[in-house]
Amino acid sequence: QVQLVESGGGLVQAGGSLGLSCAASGSLFSIESMGWYRQAPGKQRELVASIPSDGSTNYADSVKGRFTLSRDNAKNTVYLQMNSLKPDDTGVYFCNGQVWITKWEYREVWGQGTLVTVSS
């Protein structure tokens, strides 16, 4: 069974930085894409950033220029560096993986979520 193990997050003042990491563990064939979503209180879950297997990156407009997503394919891990954080960045951040379990079985996997709180 594939699991996504998240680390990082916490409390930071506005203007500060935090880093998140997410590692895929378990038996899998390959990873199509990994990324991060977030959910603020009372709001829907939204995409923050994603990185497919070709290494290109997609960012929400609200985080462009402040967040950087990178991927280590050898470790099946993605890293989200968040700079110039704003109170609006507060929320639970969920790692997401689009994973080939075998050559024929495709699955979407979610991490348990990690809380990021940005104080003003």
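A brief look at the structure comes next. Counting restarts for each chain: residues are numbered from 1 in the order of the written sequence. Per-residue local features are limited, in this predicted model, to residues with pLDDT of at least 70; the limit for side-chain atom pairs, both in listing and counting, is 80 or more; totals at the level of whole chains, interfaces and linings are taken over all residues. The basis for every side-chain value is the complete set of heavy atoms in the structure, and neither hydrogens nor water enter the calculation.

1. What to know about the state of the cysteines
Such a bond, covalent and formed between the sulfur atoms of two cysteines, is termed a disulfide. Our working rule: The disulfide definition used here is simple: a pair of cysteine sulfur atoms within 2.5 Å. Here a helix means four or more residues in a row that DSSP labels H or I, a strand means two or more in a row labelled E, and each is numbered from the N terminus. Each residue is assigned to one of three classes by its accessible area relative to the maximum for its type, calculated with a 1.4 Å probe on protein chains only: buried under 20%, partly exposed between the two thresholds, exposed over 50%.
Taken as a whole and judged by the stated rule, the model has one disulfide. In this model Cys22 forms its disulfide with Cys95; the gap between the sulfur atoms is 2.0 Å. Its S-S torsion of about -85° marks the bond between Cys22 and Cys95 as left-handed, since a negative value means left-handed. Of this pair, Cys22 sits in strand E3 (residues 18–25) while Cys95 sits in strand E9 (residues 91–100), and the two are 73 residues apart along the sequence. In terms of burial, Cys22 and Cys95 fall into one category: buried.

2. Topic: the environment of Asp72
Put simply, the test is: We call two residues in contact when some of their heavy atoms are within 4.5 Å. Distance and chemistry together define a polar contact, namely a pair of N or O atoms within 3.5 Å, with one atom able to donate a hydrogen and the other to accept it when in protein, and with adjacent residues in sequence counting only for side-chain atoms on both sides.
Among the secondary structure elements, Asp72 is positioned in strand E7 (residues 67–72). With relative accessibility at 22%, the residue Asp72 sits in the partly exposed group. Sequence separation of Asp72 and Glu105 is 33 residues, and the distance between their C-alpha atoms is 23 Å. Residues within four places of Asp72 in sequence aside, it is in contact with Thr77 and Tyr79. At 3.1 Å, the side chain of Asp72 and the backbone nitrogen of Ala74 are in polar contact.

3. So, the layout of surface pockets
Going by this rule: Here the term cavity refers to a set of points on a 1 Å grid, laid over the protein atoms alone, in which a 1.4 Å probe fits but cannot get out; the term pocket refers to an open set having protein on both sides within 12 Å along at least five of seven lines, with lining residues being those that place an atom within 4 Å of a point. Grid points are joined across faces, edges and corners, and a volume is the space filled by probe spheres set on the points. Just so you know the grouping, Ala, Val, Leu, Ile, Met, Phe, Trp, Tyr, Cys and Pro go in nonpolar, Asp, Glu, Lys and Arg go in charged, and all remaining residues, Gly too, go in polar.
What the largest pocket holds in volume is close to 240 Å³. The residue makeup of the lining of the largest pocket, split by class, is two nonpolar, four polar and seven charged.

4. Let's talk about the pattern of salt bridges
Pairs can form between side chains of opposite charge once their charged atoms are near each other. For clarity, the threshold we go by: Salt bridges are defined as contacts in which a side-chain nitrogen from Lys or Arg sits within 4 Å of a carboxyl oxygen from Asp or Glu.
Enumeration over the complete set of coordinates arrives at five salt bridges. Glu46 serves as the salt-bridge partner of Arg38, at 2.8 Å between the closest nitrogen and oxygen.

5. A look at the packing of aromatic side chains
The cut-off we apply is this: Working definition: a ring pair exists when centres of Phe, Tyr or Trp rings (six-membered ring for Trp) sit within 6.5 Å. Plane angles under 30 degrees give stacked, over 60 give edge-to-face, the rest tilted. Placement of a positive charge over a ring is assigned whenever Lys NZ or Arg CZ falls within 6 Å of the ring centre and within 35 degrees of the normal to the ring plane.
Enumeration over the complete set of coordinates arrives at two aromatic pairs. On the numbers, 5.1 Å between centres and 65° between planes, the contact of Tyr37 with Trp110 is edge-to-face. A residue pair is termed long-range when its members are at least 10 positions apart, and Tyr37 in strand E4 (residues 30–39) and Trp110 in strand E10 (residues 106–110) qualify at 73 residues. Since its relative accessible area comes to 23%, Tyr37 is described here as partly exposed. Since its relative accessible area comes to 33%, Trp110 is described here as partly exposed. Relative to Tyr106, the ring of Trp100 lies with its centre 4.9 Å away and its plane at 65°, an arrangement referred to as edge-to-face. Assessed through its relative accessible area of 26%, Trp100 is described here as partly exposed. A cation sits over an aromatic face here: Arg45 above Phe94, 3.7 Å from the ring centre.

6. What to know about the nonpolar core
Note that soluble globular proteins tend to have their nonpolar side chains buried in a common cluster. Put simply, the rule is: Definition used in this section: a nonpolar core is a set of buried Ala, Val, Leu, Ile, Met, Phe, Trp, Tyr and Cys residues joined via side-chain atoms within 4.5 Å.
Counting 29 residues, the largest nonpolar core has Trp36, Leu80, Met82 and Tyr93 as its most contacted members. Broken down by secondary-structure element, the contributors of at least two residues to this core are E3, E4, strand E5 (46–52), E7, strand E8 (77–82), E9 and strand E11 (114–119). A total of four residues in this core trace back to one element, the largest contributor, which is E3. Other than its neighbours up to four places away in sequence, Met82 contacts Gly16, Ser17, Leu18, Leu20, Arg66, Phe67, Tyr93 and Val116.

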